[in-house]
Amino acid sequence: MGTGKIVKVAGPLIVAEGIEDARMFEVAKVSENELIGEIIELHGDQAYIQVYEDTSGLGPGEKVVTTGQSLSIDLGPGLLQSIYDGIQRPLNTIYEKVGHYITKGVNVPGLDREKRWEFKPEEGLKEGQEIEAGDFLGKVQETKLMIHKIMVPPDIKKGKLKKAPEKGSYTIEEVIAEIETENGIKEVRMVHNWPVRTPRPIKRKLVPDKPLVTGQRVIDSLFPIAKGGTATIPGPFGAGKTVVQHQLAKWSNADIIVYIGCGERGNEMTDVLQEFPELIDPASGQPLMERTVLIANTSNMPVAAREASVYTGITIAEYFRDMGYSVAVLADSTSRWAEAMREMSGRLEEMPGEEGYPAYLPSRIADFYERAGRTICLGSDGRKGSLSVVGAVSPPGGDLSDPVVQATLKVVKVFWALEDQLAFERHFPAIGWLSSYSLYHNNLTDYFRDEIDKDWEKLRTAVMSLLQKESELKELVRLVGLDSLSDNDRMVLETSKSIREDFLHQSAFDPEDEYTKLSKQYRMLKAIMNLHLLCEKAIERNIPLEKLLELPVRQKIARMRHIKEDKLEEFDVMDQEMNSQIEEHSANSMFSDS
Amino acid sequence: MVTEYTTINEIAGPLVLLNNVKHATYEELVEVELPNGEQRRGKVLEVDHDKVLIQLFEGTRGVDVKETKVRFLGKGLELSVSPDILGRIFNGLGTPIDDGPKIIPEKRLDINGIPINPYARVYPEEFIQTGISAIDGLNTLVRGQKLPIFSGFGLPHSELAAQIARQATVPGSESSFAIVFAAMGITFEEANYFIRDFQETGAMERVVLFINLANDPTVERIATPRAALTAAEYLAFERGMHVLVIMTDMTNYCEALREVSVARKEIPGRRGYPGYLYTDLATIYERAGLLKGEKEGEVLEGSITQIPILSMPDDDKTHPIPDLTGYITEGQIILDRNLHHKGIYPPIDVLPSLSRLRDKGIGEGRTREDHSEVANQLFSSYARSKEVEELAVVLGEAALTDTDKAFMAFGKSFEAKFVKQALDENRTIEETLGIGWELLKSIPETEIKRIKDEYIEKYLPRKERENKEKSDDSSSL
């Protein structure tokens, strides 16, 4: 701890002089109001501090006290269902304390210190036994949906259990166990502190092999993301980034969702806050909010805290991953995080790189996404956890050459390209099928083959090549008109249109349509492609194209999104109808030929 | 304890650098007295040891190094508010400029405001009927939304904004909107158009105007929207009024910001605008919405709905100002020059326009059950008609299929009947949806994919359709 005095104030950056032993990334409390800041540069005895709150009213001479700690957050029971600002101050507590507006210098702890939790110790723990970081000490039923595991914190590497935990109700700060280590006896509480800029340790990384099922057809079927994978979703404003992120938060089959609203609209966070407690998780019947943690640093909140918010979010996610859960982090939008970096960099008068962004932008982005992965967690049981990250990017004018997009594409494995034109046609999700990609197909082939159907991969490839062909044919039509196409090519256009309109288009506002299980997705695609194959054969048998375009079953395909998940046998009926309707025509045409 | 300094060291553009200052703070308000006795105001941009950088709102003309006095006032720029501000005209800094009496302040509020806690917000979902089909039907405005108009030079954005101000109501609610109008760098004539319109319709007594015209000091524009929103926040959240804030033209605001940034020799972002433009605009646009009431589940009486207007330089939507605005606001209404040339008012290009809050503000109990699906169908059909139009340019109309021709005709009548309306035409939402259904009759029913069968049965009577097909007249379109 040291004390110094402010000598300079420029926006969110202040310079303080005279602090003894100031360290990089140490947290400092600024002025009488104790505004929280972080040291980001040192020159002699001058410390450059980014302040996480509004700095108006600060001037030279006011005092600065360092805390000796890095920017860190509380980890323990009480995280779920919370809404935090960028430095883990609960916004609901701030609201209760100071009302509608976030005034300066509100100091509230990240987790409730008074609340008592019912703690159950892990079975078979004996005093004197060897124990290591990550081992379970017990658990707390945090919400009806989620069990919160209490682990030996990572900084106690190895030791002997001196005092075993006992059943009972504890606050998070009460000592539940004692561990004898080389450096003396350590007390373990349910809460521990972790610096957000340091990734939490793991044993090792594994290759992701299961999909993060999202219920969004274009994602799951064409461009899937793996559990423990990374994806990015860049697009111009109005293309639907946030809606896709919300859909993922609602429907993806992760155990825990951490949603980071980084520099985005206040109302969007309100929307999540109002909607999620009412949405019921289909698997457990409990509100989705019970597995969700929200980080909200909206665009009008101080810019430095925005920079910290993504780290706060991913640290919480890592903590739950360490318990062996699959966790998904949804960050909307990483561009605002990058811009916050740029703003601080400008105030520090650093030499700018591309578009004014600091030269270390790509490495910061890479560091962030590398915290994702499927891992063997700390602990002697070798349990596995996964952390998936989906980051939205908001490039200026939707231009993908933007440095943030480019730096992100270098490290992520899935790219969902949002397209303006699709959004104008209100084709949502506006994920372009020709420019998007997923590099997880190979990892996931086994899963889809075993769990869904053996020809999943073949079906997906066939669909993709049809869509590719469509774009080529459309070019041609633009030059020479539809009439000059062969019947086969006309059929390609027709089927592609059906894929686009009846499968890829999915309404986020229609309760029947907003989530589709993998098995139904497969049946839907299969129906479209079956019809296509039957029609191709029919064309060979000289059945007129017009007849094939008017098949009544096409109407059914157009409405198949409304088929209930538990009535998939309706697809069998549809398949039969296709056959019989085409046979009818073929009989007729044979008749007319003779 | 007000100390007076005469230690100005440097003057550049709107900025003044002072030496040997004690106790200045960031964002503090200063008063500058010129040698001729004139008083101006400014704020502290940066304090470095004893050097202070000040931005003067009314410019630096006439300021000298020797005699000009600077006083630090120990607070930020404040606006005096009371219910009497209604019906009054202020300059960009919040000083009355009409001939009315002095405002006796009920309180003084810092114009920078304080960020609203997202936890304290209530999601806006109350439909506002503007009487304009392209907005109500397709890009619906709701109470507490921020929905900008992206326009270009010479397009009728002022007319549109004034029409919205005149006609906006919440169906089933008695209270009419109070209007806070902020003019930034627009011409006298443009400002006068609004003032006359407010006077003629008798709205003046519920209007507050903040006027900074094109020939007023540029830097004052940086304070103007903040002063206006402070007034709006007071009226909305302390007086329980529903406030509509019209701000025009945000482009001029951003240019003022750039001017200061360049004078400070900051590293520029895109097109010379400062890197913090997004954050700065957010501190304006985010001052809209609804707040929670005293008890759980209640809404605090009062709301702020924002309609900022900005002109896109060279009609370019990717220019930093519209681009960053679009990322903050909840949608955008885009005006199109081609439609304007075709004589269509309002020339709203519905396809790139968007209201993000639409889907929760419409439907059964708010507007009508079929609203969302009709809107989506109109969007996709109109988009299709545009595609067909392009095709027709290359191949000629003769090469089009019958379906394509139907879509092309639909597109034309959509513009002429749905989008186009008179300056004083105030359509109810039922009328708007009615026109929509009328237009959908002209396309084959198999192509109506976005609407549920039951609504088609209910709102698009089959008999009528069949009759129409027989008579085959396009004149009724």
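Some thoughts on the overall build of chain A
Here is step 1: Looking only at helices and strands, chain A features 16 helices and 26 strands.
Here is step 2: Considering only C-alpha atoms, chain A reaches an extent of 100 × 60 × 40 Å along its principal axes.
Here is step 3: By sequence separation, contacts in chain A at least 24 residues apart represent 70% of the contacts at least 6 residues apart.
Here is step 4: Computed over 72 positive and 94 negative side-chain charges, the separation of the two mean positions in chain A equals 3 Å.

Considerations on the confidence of the model for chain B
Here is step 1: Across chain B, the average pLDDT comes to 91, with 96% of residues at 70 or higher.
Here is step 2: Taken over the whole predicted complex, pTM reads 0.92, whereas the ipTM for its chain interfaces reads 0.87.

Some thoughts on helix 4 (residues 220-238) of chain B
All names here are of chain B.
Here is step 1: The end-to-end C-alpha distance of helix 4 is 26 Å, a good match for the 27 Å that 19 residues give at a rise of 1.5 Å each.
Here is step 2: Of all 19 residues that make up helix 4, 18 are buried, and the element is covered over most of its length.
Here is step 3: Count one or two residues on from helix 4 and you reach G240, which has phi positive near 65°.

Quick word on the domain arrangement of chain B
Residue and element names in this part refer to chain B.
Here is step 1: Entries for chain B in the domain assignment read domain 1 (3-72), domain 2 (78-361) and domain 3 (371-476).
Here is step 2: In this structure, domain 1 and domain 2 have C-alpha centres spaced 31 Å apart.
Here is step 3: Counting residues at the interface gives 12 residues for domain 1 and 11 residues for domain 2.
Here is step 4: Together domain 1 and domain 2 conceal approximately 1000 Å² of surface at their shared face, both sides included; 61% is due to carbon and sulfur atoms.
Here is step 5: When residues of domain 1 are sorted by the area they lose upon contact with domain 2, P14, R41 and F57 head the list and together hold 44% of the total.
Here is step 6: Across the domain 1-domain 2 interface, the total number found is one salt bridge.
Here is step 7: Of the charged contacts, one joins R264 and E46 as a salt bridge, the two residues approaching to 2.8 Å between their closest N and O atoms.
Here is step 8: Here domain 1 is connected to domain 2 by four residue pairs in polar contact (both at pLDDT 80 or more).
Here is step 9: Split by residue class, the side of domain 1 that touches domain 2 holds seven nonpolar, one polar and four charged.

Regarding the interface of chain A and chain B
For interface size, the figure often reported is the accessible area lost on association.
Here is step 1: Listed by partner, the interface residues are 78 residues for chain A and 75 residues for chain B.
Here is step 2: Interface area, chain A with chain B, both sides summed: about 6400 Å², of which 55% is carbon and sulfur.
Here is step 3: Looking at the side of chain A facing chain B, the largest losses of area belong to F237, R265 and R426 of chain A, adding up to 13% of the total buried there.
Here is step 4: Linking chain A with chain B are eight salt bridges.
Here is step 5: Its salt-bridge partner being E501 of chain A, residue K449 of chain B comes within 3.1 Å of it at the nearest N-O pair.
Here is step 6: Of all the elements, helix 4 (residues 266-275) of chain A adds the most residues to the side of chain A that touches chain B, at nine residues.
Here is step 7: In the side of chain A that touches chain B, the residues fall into 28 nonpolar, 26 polar and 24 charged.
Here is step 8: When strand 1 (residues 3-10) of chain A meets strand 5 (residues 39-48) of chain B, the two strands line up antiparallel, connected through two bridges. Along strand 5 of chain B, the bridge assignment pairs V9 of chain A with V47 of chain B.

Observations concerning the pattern of salt bridges
Here is step 1: Overall, the coordinates contain 81 salt bridges over all chains when judged by the stated rule.
Here is step 2: Taking the shortest distance from any N to any O, the salt bridge between E173 of chain A and R113 of chain A comes out at 2.9 Å. Taken together, the residues span a long stretch of sequence, with E173 of chain A in the loop between strand 14 (168-170) and strand 15 (175-181) and R113 of chain A in the loop between helix 1 (91-98) and strand 9 (117-121) at a distance of 60 residues.
Here is step 3: With a relative accessible area of 40%, E173 of chain A lands in the partly exposed category.
Here is step 4: Connected via shared salt-bridge partners are K250, D271, E275 and E514 of chain A together with K360 of chain B.

Side note on the pairing of strand 13 (residues 178-186) of chain B
Residues and elements named next belong to chain B.
Here is step 1: Strand 13 sits mainly inside the fold: nine of its nine residues count as buried.
Here is step 2: Two strands pair when backbone bridges link them, and strand 13 and strand 15 (residues 242-248) are joined in this way by six bridges, in the parallel orientation. Considered in strand 15, the bridge of I179 is made with L244.
Here is step 3: Relative to strand 14 (residues 207-213), strand 13 runs parallel, the two sharing seven bridges. For I179, the partnering residue across the bridge sits in strand 14 and is V207.
Here is step 4: In this region the chain leaves strand 13, passes through helix 3 (residues 188-200) and returns to the parallel neighbour strand 14; the handedness of that crossover is right-handed.

Digging into the sheet that holds strand 14 of chain B
All names here are of chain B.
Here is step 1: Spatial ordering of the open sheet is given by 9-14-13-15-17-12-18-19, a layout of eight strands whose pairing is mixed. Across the chains shown, the open sheet's two edge strands, defined by having one partner strand only, are strand 9 (89-91) and strand 19 (354-355).
Here is step 2: Here helix 2 (residues 157-167) sits on the sheet in contact with strand 12 (149-151), strand 13, strand 15, strand 17 (303-311) and strand 18 (331-334), set at roughly 160° to strand 12.

Brief notes about the packing of helix 6 (residues 334-347) of chain A against helix 7 (residues 361-369) of chain A
Residue and element names in this part refer to chain A.
Here is step 1: Here helix 6 crosses helix 7 at 135°, and the two axes come no closer than 11 Å. Accordingly, the angle class assigned to the pair helix 6 and helix 7 is oblique. Crossing geometry of helix 6 relative to helix 7 is assigned as right-handed. The segment helix 6 lies against helix 7, with T334, W337, A338 and M341 engaging L361, R364, I365, F368 and Y369.
Here is step 2: A breakdown of the residues in the contact of helix 6 with helix 7 according to their chemical character gives seven nonpolar, one polar and one charged.

Looking at a nonpolar patch on the surface
Residues and elements named next belong to chain A.
Here is step 1: Taken together, L476, L479 and V480 make up a surface patch of nonpolar side chains, about 290 Å² in accessible area.
Here is step 2: Secondary-structure assignment places L476 in helix 11 (residues 456-480).
Here is step 3: Accessibility expressed as a relative area gives 40% for L476, which makes it partly exposed.

What counts as what
Residues numbered from 1 in each chain as written. Chains lettered and ligands numbered in written order. Predicted model: local features only at pLDDT ≥ 70, side-chain atom pairs only at ≥ 80, totals over all residues. Heavy atoms only, no water. Helix = DSSP H or I, 4+ residues; strand = E, 2+ residues; numbered from the N terminus. Contact = heavy atoms within 4.5 Å. Lys, Arg positive; Asp, Glu negative; His and termini not counted. Charge placed at Lys NZ, Arg CZ, Asp CG, Glu CD. pLDDT = per-residue confidence, 0-100. Expected span 1.5 Å × (residues − 1). Buried < 20%, exposed > 50% of the residue type's maximum accessible area, 1.4 Å probe, protein only. Domains from an automatic or database assignment. Buried area = accessible area lost by both parts, 1.4 Å probe. Salt bridge = Lys/Arg side-chain N within 4 Å of Asp/Glu carboxyl O. Polar contact = N/O pair within 3.5 Å; in protein donor to acceptor, adjacent residues only side chain to side chain. Nonpolar A, V, L, I, M, F, W, Y, C, P; charged D, E, K, R; others polar. Pairing = 2+ DSSP bridges. Right-handed = clockwise from strand over helix to strand, strands pointing away. Axes fitted to C-alpha atoms, helices over the stretch in contact; angles between N-to-C directions. Parallel < 35°, antiparallel > 145°, perpendicular 65-115°, else oblique. Left-handed = near helix turned anticlockwise from the far one by under 90°. Patch = residues over 30% accessible without salt bridge, like charges linked within 9 Å, V, L, I, M, F, W, Y side chains within 5 Å. Areas by Shrake-Rupley, 256 points an atom, 1.4 Å probe, with all protein chains shown as cover.

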